[in-house]
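# Topology and contacts: notes
The residues making up each chain are set out below.
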Amino acid sequence: MVPGCARACQLPFETMGAVQPRLLWPFRLQKTAGRLVRGTALLWGSLLQLGMEHQGSQKRLLGGAAEVQMCQAILPSHANHLGELSAGQLLKWIDTTACLAAEKHAGVSCVTASVDDIQFEETARVGQIINIKAKVIRAFKTSMEISIKVIVQDTFTRTQKLVSVAFSTFVTKPVGGEKVQLKPVTLLTEQDQVEHDMASERRKVRLQHEDTFQSLMRESSKFADAICDQEDSTVSTGDTWVQSIELVLPPHANHHGNTFGGQIMAWMETVANISASRLCCSHPILKSVDMFKFRGPSTVGDRLVFNAIVNNTFQEWVEVGVRVEAYNCEEWSKGQGRHINSAFLIYYAVDDNEERIVFPRVKPISKDDVRRYRGAIARKRIRLGRKYVVSHKEDIPLHVHWDENNQVYLSHSNVDALKALAAKSGWEVTSAGGKVKMHTLEERDVLSVWVEKQVERSANLAFDLLSDFTKRPQWDPHFFNTYVVAVKSVTLASIPPSPQYNRSEITCAGFLIRAVDSNSCTVSYLNQISSSILPYFAGNIGGWSRTIEEAAASCIQFIEEATIDRFIKK
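Criteria and thresholds
- Residues numbered from 1 in each chain as written.
- Predicted model: local features only at pLDDT ≥ 70, side-chain atom pairs only at ≥ 80, totals over all residues.
- Heavy atoms only, no water.
- UniProt positions renumbered as here; feature names shortened; annotations may be inferred.
- Helix = DSSP H or I, 4+ residues; strand = E, 2+ residues; numbered from the N terminus.
- Buried < 20%, exposed > 50% of the residue type's maximum accessible area, 1.4 Å probe, protein only.
- Contact = heavy atoms within 4.5 Å.
- Areas by Shrake-Rupley, 256 points an atom, 1.4 Å probe, with all protein chains shown as cover.
- Axes fitted to C-alpha atoms, helices over the stretch in contact; angles between N-to-C directions.
- Parallel < 35°, antiparallel > 145°, perpendicular 65-115°, else oblique.
- Left-handed = near helix turned anticlockwise from the far one by under 90°.
- Nonpolar A, V, L, I, M, F, W, Y, C, P; charged D, E, K, R; others polar.
- Core = buried A, V, L, I, M, F, W, Y, C linked by side-chain atoms within 4.5 Å.
- Pairing = 2+ DSSP bridges.
- Phe/Tyr/Trp six-rings, centres within 6.5 Å; stacked < 30°, edge-to-face > 60°.
- Lys NZ or Arg CZ within 6 Å of the ring centre and 35° of its normal.
- Patch = residues over 30% accessible without salt bridge, like charges linked within 9 Å, V, L, I, M, F, W, Y side chains within 5 Å.
- Salt bridge = Lys/Arg side-chain N within 4 Å of Asp/Glu carboxyl O.
- Lys, Arg positive; Asp, Glu negative; His and termini not counted.
- Charge placed at Lys NZ, Arg CZ, Asp CG, Glu CD.

Per an unreviewed UniProt entry, the chain is named Acyl-CoA thioesterase 12, and its organism is Monodelphis domestica. The record held by UniProt for the chain lists under Catalytic activity (unreviewed entry) the comment "butanoyl-CoA + H2O = butanoate + CoA + H(+)". We quote the UniProt Pathway (unreviewed entry) comment for the chain here in full: "Lipid metabolism; fatty acid metabolism."

## Notes on the overall build of the chain
For the chain, the count of helices and strands is 13 helices and 25 strands. Counting all 570 residues of the chain, 53% fall into the buried class. Excluding contacts between residues fewer than 6 apart, the proportion of contacts in the chain whose partners are at least 24 apart in sequence is 74%. For the chain, the accessible surface area stands at approximately 27,200 Å², while carbon and sulfur atoms represent 53% of it.

## A word on the packing of helix H10 (residues 459-466) against helix H12 (residues 547-561)
The relative placement of two packed helices comes down to the angle between their axes together with the axis-to-axis distance. H12 packs onto H10 with a crossing angle of 115° between their chain directions and a minimal axis gap of 10 Å. When the axis of H10 is compared with that of H12, the two are roughly perpendicular. Between H10 and H12 lies a crossing whose hand is right-handed. Where H10 approaches H12, its residues Leu461, Ala462, Leu465 and Leu466 are matched on the opposing element by Cys555, Phe558 and Ile559. Class assignment for the residues of the contact of H10 with H12 results in seven nonpolar, no polar and no charged.

## Re the nonpolar core
Nonpolar side chains in soluble globular proteins generally cluster together in the buried interior. Counting 73 residues, the largest nonpolar core has Ile130, Ile132, Met144, Ile146, Phe292, Leu304 and Val322 as the members making the most contacts within it. Here this core gets ten residues from one element, more than from any other, and that element is helix H4 (residues 87-106). Discounting residues that sit within four places of it in the chain, Phe292 has contacts with Leu91, Ala113, Ser114, Val115, Met265, Met268, Asn341, Ser342 and Ala343.

## Description of the pairing of strand S19 (residues 436-443)
The pairing of strand S18 (residues 428-433) with S19 spans five bridges and is antiparallel. Within S19, the residue paired with Gly433 across the bridge is Val436. In this structure, the hairpin formed by S18 and S19 is closed by a connection of two residues, where Gly434 is found at a positive phi of approximately 65°. With eight bridges joining them, S19 and strand S20 (residues 446-455) adopt antiparallel strand pairing. Across the sheet, the residue bridging to Lys437 is Glu452, located in S20.

## A closer look at the packing of aromatic side chains
With the rule as written, the count across this model stands at five aromatic pairs. Aromatic pair Tyr327 and Trp332: ring centres 5.1 Å apart, planes at 80°, arrangement edge-to-face. When its relative accessible area of 10% is taken as the criterion, Tyr327 is described as buried. Looking at Arg356, its charged tip hangs above the ring of Tyr348, at a distance of 4.1 Å from the centre. Between the NZ or CZ atom of Arg379 and the centre of the ring of Phe344, over which it lies, the distance is 3.6 Å.

## Topic: a negative patch on the surface
A surface patch of like charges, here negative, comprises Asp351, Asp352, Glu354 and Glu355. Mapping Glu355 onto the fold places it in the loop between strand S15 (338-348) and strand S16 (361-363).

## Considerations on unusual backbone geometry
Although it is not a glycine, Cys281 adopts a positive phi angle of roughly 50°. Within the fold, Cys281 resides in the loop between helix H6 (261-280) and strand S11 (285-289). Of the residues examined, Cys281 reaches a relative accessible area of 74% and is grouped as exposed. The phi torsion at Gln315 lies on the positive side, around 60°, for a residue other than glycine. Its relative accessible area of 34% is what places Gln315 among the partly exposed residues.

Here it is as structure tokens:
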């Protein structure tokens, strides 16, 4: 082994503080029996089994959680112009199924309070079968969480694919002016217990959502978005504004007499789609929906006014905000509406070659435009923190066996991969404060993080402190002021797998150190996140944890307080 190699491979994890104290080179170790990874790691963890379990005919034992299943054949009337199941129609079916599951458990009428982030993984077409399962996961005092899983089945091949997974919160309608106290969900299996525990964690995140959002909004106001200030190649957000009105008729009402929540969501999706199309000059495709928040009811005879506008664009996708106001006859004449719903929908679009379109940037003009623009950046962080735990798939094993024969190949391939990751376009600032700035890069289902640190010390000293490699790359002029410490997963015979621990896989991670002048440098940490590392990053990306920023500040302090003499003596 090359002297110092093991220590260098540890550096991206030890220095950035993204790992618990237990660490055996070069893998992060996680104690499985003790459930060390709480919160984000387990927050949505049960979703994977829930979303991908086999669709058999086995029935749950009597007395378990209330569960409802809806099967629908997709007809032309359910489809859009492409012959695919329209997002609005699917939202209607999802809301109906979830409501019936809630009422099965409660025994009284229930209404939708909110729908968590909905991720659409697959499309369904005319002639296929949609299967929607809704199950009450946990009941609180007057509200309950319902998990929704959508599967599409091909009629001829009978192959099945996961279309979407979401969580809804329903509340009971008061009976005789008194709130209905819900009975607890009966837990029959170990999986029921896991889902029950995770529902409580998800509820905490929902309750903290507004505080997290406001904190991120304050943080985003501290740094200027250079793209926002550019005049060229930007589109005014006002050009994307869309307004539409609907009169609520009896067919639009639910069995309570109120406007059907699924119908409202479908109308919201229609205006949002039109708004997004004004940027891409194509047919946008719904990728996800931020939390639907139902603020109040509407009834038959109300006029519903929908306002949609593009808040911000992020390379290959765009966020559209929709606000819904309801008016009865008197309110309509006075122009005094009731804010009953709001949501944020995420779209992408493809060209004739099925390649994703890059959206033009938008330029906020008014104070409200700026607020929505920065709000989209904050919501993006929260969505990233949730999405990559909700939808992540198990990685193919990445590690390779290390020996003296392939050490040169591993070293060169690590460095090349790290430089290629740093050189990619599309990095976007997600947070900035002091000497630390964090960027993220989304490439389909791959997420990468770049933490940039400004250090008031020379690049030479920073490199010496962050690795055991002492040779300066004098043979390559491109490396004159650039140093690299890169790692990937390897298997060491001296450290065999242990049944008590899980080894995390490293795709591409490491440091790039660039000289600014003779007395300062920029230290960049990059990581192409794999599913095993994701729990440690998701909270920081989502805004409810700051361990990465804190570790980065500690790293800066470590380098700046060190001296060459002290390092040599050590």
